[in-house]
Amino acid sequence: MTNVLVVDDLDVTFALHQAEVKAVSDLSFSLAAGETMAVVGESGSGKSQAFLAIMGLLARNGRAAGRAMLGEVDLIGMPGDRLDAYRGKDIAMIFQDPMTSLNPSLKVRTQLAEVLVRHQGFAPDKAGRAVIEMLERVGIPEPVKRASAYPHELSGGMRQRVMIAMALLCRPKILIADEPTTALDVTVQAQMLELFKTLTDEFGTALVLITHDLGVVAGVADRMMVMYGGRCVETGTVDELFYDPRHPYTLGLLHSTPHVAKRAQRLDPIQGLPPSLERLPSGCAFHPRCAFRFETCFAERPQLLPVDGGARGRACWYQGSLKHEEVA
Amino acid sequence: MLEHNDDLLRIENLSKFFSVSSGLFTRPFQLKALQDISFTVKRGETLGIVGESGCGKSTLGRCILQLLSPDEGRVLWLGEDIARLPEEQMRLRRRDLQIIFQDPLASLNPRMTVGEIIADPLRTLMPEVDAKGRRERVIKAMEAVGLLPEMINRYPHEFSGGQAQRIGIARALITEPKLIVCDEPVSALDVSVQAQIVNLLSDLKQQFGLTLVFISHNLSVVRHVSDRILVLYLGRVVELASGDDLYADPRHPYTRALLTAVPIPDPRRARQRTIDGLVGEIPSPINPPSGCTFRTRCRHAVALCADKRPPLETVDGGRLVACHRWRELAVTAAQ
Amino acid sequence: MAGLTGKDAVLSAYAEALANAPKGRSLTQDALRRLVNNKAALVSIFILVAIVLFALVGPYLLPWSFDKIDWAGIRKPPDWEKGHYFGTDQNGRDMLARTLQGTQMSLIVAAVATAVSVVIGVVYGAIAGYFGGRVDALMMRFVDIMYALPYILFVIILVVIFGRSPVLLFVGIGFLEWLTMARIVRGQTLTLKQREFIEAAKAGGAGPFTIIFRHILPNLTGPVVIYATLTIPEIIVTESFLSYLGLGVQEPQTSLGTLISFGAPVAEALPWMLYTPAFILVLMLVCLSYVGDGLRDALDPKDR
């Protein structure tokens, strides 16, 4: 499979009053055509900022360095007007709150048709028809009626579907979804995740699913990347990471997530709190919360290295088995 | 009458309406947030209340505490109806009934120090405790929830979400209540911190002999903490059963749909299972469907469901379910 | 089952010791720090303090008092030898002394009227916003009616009934200015009372007035302080305007507005009569607006 996005050494820094804060450090990964990759992390892990940087949507005090190759072009450092040729067309992004990306004073049809007119040079009436067709494909009942509605007249789930329709209009190679289901009810979330599965198959779009919910990841993603303190700490296929986690943080996340089918007596949470990016711990950023730490972890930062010579990687000094330690 | 004594709280036919006015000259219409809710909370148990947005679960929590007064029905606290008590008399009972909120930072007054926030209920509810006694209690409460007492003079904005939630819990504990309503206490927290707070709540329950009403939209969390679970849909009880029964053998089609919709953090099982995909979204509570309110999204709905509202039936010794067709459906589910 | 009530000597000693536990940064301290970092606001505060001090102390240091007539120096330009540093007016009174007295008067009017408007507006607005419903509707309709009354008419009626007294002027202006404050506070209260900490206070048994005074008012500091700094210049200008119309303070007392109104017609022949009070007034207004901006940034850092 070909890679549609290759990110190399991505750094994101924010200038605050006194200091510079590094939100993302040395992030490298590649995204294959049509695959679904989940990016998992807690608040402050840098998971959203990394992809906002790739989209050129960082806040004004943010700066990105490194490379993000979309085919032959590097998106990092590209001026906004040139980025517009790719944003929405080859790479699209949807957010947790659809209302932030929909103009409340324009009808759904008008907003969506505009995308086609601008990027694909559609004639307005043809664009209108394409919009209705797309609304139908993302599972909106009565698409003609809904197309003439204003965003606030739609329910949360409908709005998110409209956002997905808008993102898919130009058949992008990559769709980035930042916590797309967090604000939705479980039954609607389930519908939405089903929709992601069918759409990525149908359109061959590579999906990046940014989330904190491991339950969402398990059902949808092929691969996942776990981030902590602005760095990728473990990456691999979903099955590898769920059934055989090699980083203590991944293990801790799994143990922290309650399972609806099991009633354990106690959850086994990670101790302590996620670190503040302004005061990242020395060495491995996870060491203050890690049950497996030893001297090296305080002093030196582990690199993301391949595990078992395969495609998975992890950044941890501890060489023993996590499972074994847990039993003992 | 032993059984009766076990009931710490009994809710009888409780209803709560809100009037919504859309404009100056239009007649306000009623939003029926809760209708005909009845259940009991037994001493020492954790009752989970689940439902999706708009089902009235938070309103129910506030009606229990009389932060909202119900329009109909009774709220029996230790056998006494507190729904109609004047506020001065209600105040005497408030030390037994406390609440923990969803948004930890929004629930703390940003102008007060942690010590002042935690001690605040003592000022009105236990005026007999002097300043020194208050401080000592605050220290004990802070230690109980895992906060360093050295932080007593700090302000809420200096804390992260998880710590702020601990402050909120300490405030709820300070009067040594018998019952705490937890309204989505972990929804706003990071995953790893969620688990800490869930564990903390169960420890405190043991330590202080608490009874908990745990309101959440997250079925996995509710499943984890609750002895019995109440499922709400559009302001009505659709099912009430022990946690194990409910998860093993849901009787109401809505409960079943909810359970299959919960994401499972287990890739193989997640891929295998079929989601009982509910169509559409929750109807507006302003204009709920006739008969069974769930029928518009139910695959098993028949003509009867539109005509007649299903009564809440007691089945299998203590379980409650409100569905016309639960018997037939149970048979098909078993096959 | 361990409760919270158990007492022991170790705990008591610990509680004592914790009285000195590290103090956190309160929101007010945070805001002050941001204000101090704002150069323009800081300079403006220094200038304002200097003007206030000079207005209060200055008159004692000058050779002429504001109502003393120098028969030898009527309508004279600045004269350093005689001690008329900014000249004299048509009646031979020292302009600098009169300007200082006028500044004093304007400042007192502004301070008293602002205080009156803040107290009435905040309490009124908080009560209307907190209780809501019918109480709110009635109270705010009254505010609307007050808005509709032309205030000039109101002041003229007051002056006719009670005569021209500066005290009346302060109170009169204060009674007019609280309306906007009440609206702002009511709006803020409406949003504040939705916050969960208000519910928490109710669950803690707090009555409505405890909630208003302990939980709502302290959280209104930001908007109230900001709006008050905007009210001060407004009142100074209103006072000047009323004095210009002859409804303000009475001779030989004066205010900045009165001085300007006397200076304006003769500005070509006796420019010093206009420039001195006008310069002080403009300087004060500019500084106040910088302070107001600075406070807004300091108290509401999210907006930046």
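Definitions and cut-offs
Residues numbered from 1 in each chain as written. Chains lettered and ligands numbered in written order. Predicted model: local features only at pLDDT ≥ 70, side-chain atom pairs only at ≥ 80, totals over all residues. Heavy atoms only, no water. Helix = DSSP H or I, 4+ residues; strand = E, 2+ residues; numbered from the N terminus. Rg over C-alpha atoms; globule rule 2.2 N^0.38 Å. Buried < 20%, exposed > 50% of the residue type's maximum accessible area, 1.4 Å probe, protein only. Contact = heavy atoms within 4.5 Å. Polar contact = N/O pair within 3.5 Å; in protein donor to acceptor, adjacent residues only side chain to side chain. Pairing = 2+ DSSP bridges. Axes fitted to C-alpha atoms, helices over the stretch in contact; angles between N-to-C directions. Buried area = accessible area lost by both parts, 1.4 Å probe. Salt bridge = Lys/Arg side-chain N within 4 Å of Asp/Glu carboxyl O. Nonpolar A, V, L, I, M, F, W, Y, C, P; charged D, E, K, R; others polar. Disulfide = S-S within 2.5 Å.

Section: the overall build of chain C
Thinking step 1. The secondary structure content of chain C amounts to twelve helices and zero strands.
Thinking step 2. Start at the N end of chain C and walk to the C end: the helices and strands fall as α-α-α-α-α-α-α-α-α-α-α-α.
Thinking step 3. A compact globule built from 304 residues would reach a C-alpha radius of gyration of about 19 Å, whereas chain C, at 25 Å, exceeds it by more than 25%.
Thinking step 4. Once the C-alpha set of chain C is aligned to its principal axes, its extents read approximately 95 × 45 × 35 Å.
Thinking step 5. Evaluated residue by residue, chain C yields a buried proportion of 46% over its 304 residues.
Thinking step 6. For chain C, contacts bridging at least 24 residues in sequence account for 71% of all contacts bridging at least 6.

Regarding the side chain of serine 226 of chain B
All names here are of chain B.
Thinking step 1. Relative to the helices and strands, serine 226 is located in the loop between helix H8 (219–225) and strand S9 (228–233).
Thinking step 2. Engagement of the side chain of serine 226 in a polar contact is seen with the backbone nitrogen of glycine 48, the distance being 3.5 Å.
Thinking step 3. For serine 226, the side chain forms a polar contact with the main-chain oxygen of valine 222, separated by 2.7 Å.

Remarks on the sheet that holds strand S1 (residues 3–15) of chain A
Residues and elements named next belong to chain A.
Thinking step 1. The antiparallel open sheet is built from four strands, whose spatial order is S2-S1-S4-S5. Edge positions in the open sheet fall to strand S2 (20–32) and strand S5 (73–74), since each of these has one partner strand only.
Thinking step 2. When strand S4 (residues 62–70) meets S5, the two strands line up antiparallel, connected through two bridges. Among the inter-strand pairings, leucine 70 is bridged to a residue of S5, identified as valine 73.
Thinking step 3. Packed on one face of the sheet, helix H1 (residues 47–54) meets S1, S2 and S4 and runs near 110° to S1.

Focus: the sheet that holds strand S3 (residues 36–40) of chain A
All names here are of chain A.
Thinking step 1. Reading across the sheet, the eight strands line up as S6-S7-S8-S3-S9-S10-S12-S11 and stay open at both edges, with mixed pairing between neighbours. The strands lining the two open edges of the sheet, one partner per strand, are strand S6 (91–94) and strand S11 (305–306).
Thinking step 2. As paired elements, strand S7 (residues 174–178) and strand S8 (residues 206–211) share five bridges and run parallel to each other. Within the sheet, the bridge partner assigned to alanine 177 lies in S8 and is leucine 209.
Thinking step 3. Packed on one face of the sheet, helix H6 (residues 156–168) meets S6 and S7 and runs near 170° to S6.

Side note on the interface of chain B and chain C
Thinking step 1. On the side of chain C, 39 residues touch chain B, which itself brings 48 residues to the contact.
Thinking step 2. In total, about 4,000 Å² of surface goes out of reach between chain B and chain C, with carbon and sulfur atoms giving 54% of it.
Thinking step 3. Looking at the side of chain B facing chain C, the largest losses of area belong to Arg111, Glu136 and Lys140 of chain B, adding up to 18% of the total buried there.
Thinking step 4. For the pair chain B and chain C, the interface holds two salt bridges.
Thinking step 5. The salt bridge involving arginine 62 of chain B is made with glutamate 199 of chain C; its shortest N-O contact spans 2.5 Å.
Thinking step 6. Taken together, the links from chain B to chain C amount to 13 residue pairs in polar contact (both at pLDDT 80 or more).
Thinking step 7. For the side of chain B that touches chain C, the elements supplying multiple residues, two or more each, are helix H3 (87–94), strand S6 (97–100), helix H4 (114–125), helix H5 (131–144), helix H6 (161–173) and helix H7 (191–208) of chain B.
Thinking step 8. The biggest single contributor to the side of chain B that touches chain C is H5 of chain B, with nine residues.
Thinking step 9. Looking at the side of chain B that touches chain C residue by residue, the classes come out as 18 nonpolar, eleven polar and 19 charged.

Some points on the state of the cysteines
All names here are of chain B.
Thinking step 1. Counting across every chain of the model gives zero disulfides over all chains.
Thinking step 2. Left unpaired, cysteine 323 is separated from the closest cysteine sulfur, that of cysteine 298, by 6.3 Å.
Thinking step 3. On the accessibility criterion, cysteine 323 (9% relative accessible area) is buried.

A word on the interface of chain A and chain B
Thinking step 1. Every contact between the two is made by 45 residues of chain A and, on the other side, 44 residues of chain B.
Thinking step 2. Here chain A packs against chain B, burying approximately 3,900 Å² in sum over the two surfaces, 54% of which is carbon and sulfur.
Thinking step 3. Residue arginine 271 of chain B pairs with aspartate 239 of chain A through a salt bridge whose shortest N-O separation is 2.4 Å.
Thinking step 4. Where chain A packs against chain B, one counts twelve residue pairs in polar contact (both at pLDDT 80 or more).
Thinking step 5. Elements with a minimum of two residues in the side of chain A that touches chain B: H6, helix H7 (186–203), helix H8 (214–220), helix H9 (238–243) and helix H10 (248–256) of chain A.
Thinking step 6. Looking at the side of chain A that touches chain B, the element that brings in the most residues is H7 of chain A, giving seven residues.
Thinking step 7. Here the side of chain A that touches chain B is built from residues that sort into 20 nonpolar, 16 polar and nine charged.

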